[in-house]
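Given next are the chains, with one letter for each unit.
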Amino acid sequence: CDKGEEKWKSGTHTACHEGRSRIAFVQWKRTSPDMRIVQKVCEIMKCHGWEYAIEKELKRFAVCLSPQLVVEVLKAQPDACLAFRFFIWAGQQRGFCYDSVTNACMMHILCHLRKFEEIWAVVDNIRRGGCDFRVEVFNVLIKVQAHLGMVEDLIKVFDKMKNLSFIPTVSSYNTALDALVKANKLVLAQKILMKMICEGCSPDKVTFDIVIHGHSKSGEQVNF
């Protein structure tokens, strides 16, 4: 882990809560995880780090695994590397399947660690495993990249989404446009807007407000 780990440590709770609030599903409310188990799992990881022995220790909790419990562990774990290892371990346990909220939390972890190649590898594994993975998770990725100032990488996200047969929403494009305009990357913003239109996604009022505001600040003429 590198500098991204420090950002993760300071933003763990905010990041996961944001993903949870933006992707709130009814099934999430059905059961609440046993916080004693969450605490015990975190204590084991804190004492042992991550090695073969820890997997044997955690094995007794595998039957208790749920998406809710995994997210609570991720939120409570200050070490981003351990959080990521736990996430991968959970996905390997029989009967467990990620949902959109756990995936959103995963995106935050990897983005703050700036491990973008790992993101796509994990995304592919989740899809091939038949687990729930929705376009909203990509919106979280776009938003976090924008927050980290990685605006030029936003276009790559749209290309990856297309390769993985996901269709960006108006919200996806608007999030990217807003980040690019705020960073004064108007040429890239124009490319995203043209991409949006060419892909058959109709701009809404928010889209036009973002673009017009950006160009008015720069004094340039708006071309749609």
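Everything quoted here is computed from the prediction, not taken from an experiment. (Residues numbered from 1 in each chain as written. Predicted model: local features only at pLDDT ≥ 70, side-chain atom pairs only at ≥ 80, totals over all residues. Heavy atoms only, no water.)

Draft legend 1. Broad picture of the overall build of the chain. A tally of regular secondary structure across the chain gives 12 helices and zero strands. Each helix and strand of the chain, placed in order from N terminus to C terminus, yields the pattern α-α-α-α-α-α-α-α-α-α-α-α. Across the 224 residues that make up the chain, the buried fraction comes to 48%. Taking all contacts inside the chain whose residues are at least 6 apart in sequence as the whole, residues at least 24 apart take part in 70%. (Helix = DSSP H or I, 4+ residues; strand = E, 2+ residues; numbered from the N terminus. Buried < 20%, exposed > 50% of the residue type's maximum accessible area, 1.4 Å probe, protein only. Contact = heavy atoms within 4.5 Å.)

Draft legend 2. Expanded view of the packing of helix α4 (residues 67-76) against helix α5 (residues 80-91). Where α4 meets α5, the closest approach of the two axes is 9 Å, and the angle between their N-to-C directions is 165°. Between α4 and α5, the interaxial angle falls into the category roughly antiparallel. For the crossing formed where α4 meets α5, the hand is right-handed. Contacts between α4 and α5 involve V70, V73 and L74 from the first element and A83, F86, F87 and A90 from the second. When its residues are assigned to classes, the contact of α4 with α5 shows seven nonpolar, no polar and no charged. (Axes fitted to C-alpha atoms, helices over the stretch in contact; angles between N-to-C directions. Parallel < 35°, antiparallel > 145°, perpendicular 65-115°, else oblique. Left-handed = near helix turned anticlockwise from the far one by under 90°. Nonpolar A, V, L, I, M, F, W, Y, C, P; charged D, E, K, R; others polar.)

Draft legend 3. Inspection of helix α8 (residues 135-147) at higher detail. Over its 13 residues, α8 extends 19 Å from the first C-alpha to the last, a length consistent with the 18 Å expected when each residue adds 1.5 Å. What α8 keeps buried is the set V135, V137, F138, N139, V140, L141, I142, V144 and Q145. Where α8 terminates, the next one or two residues include G149, which has phi positive at roughly 80°. (Expected span 1.5 Å × (residues − 1).)

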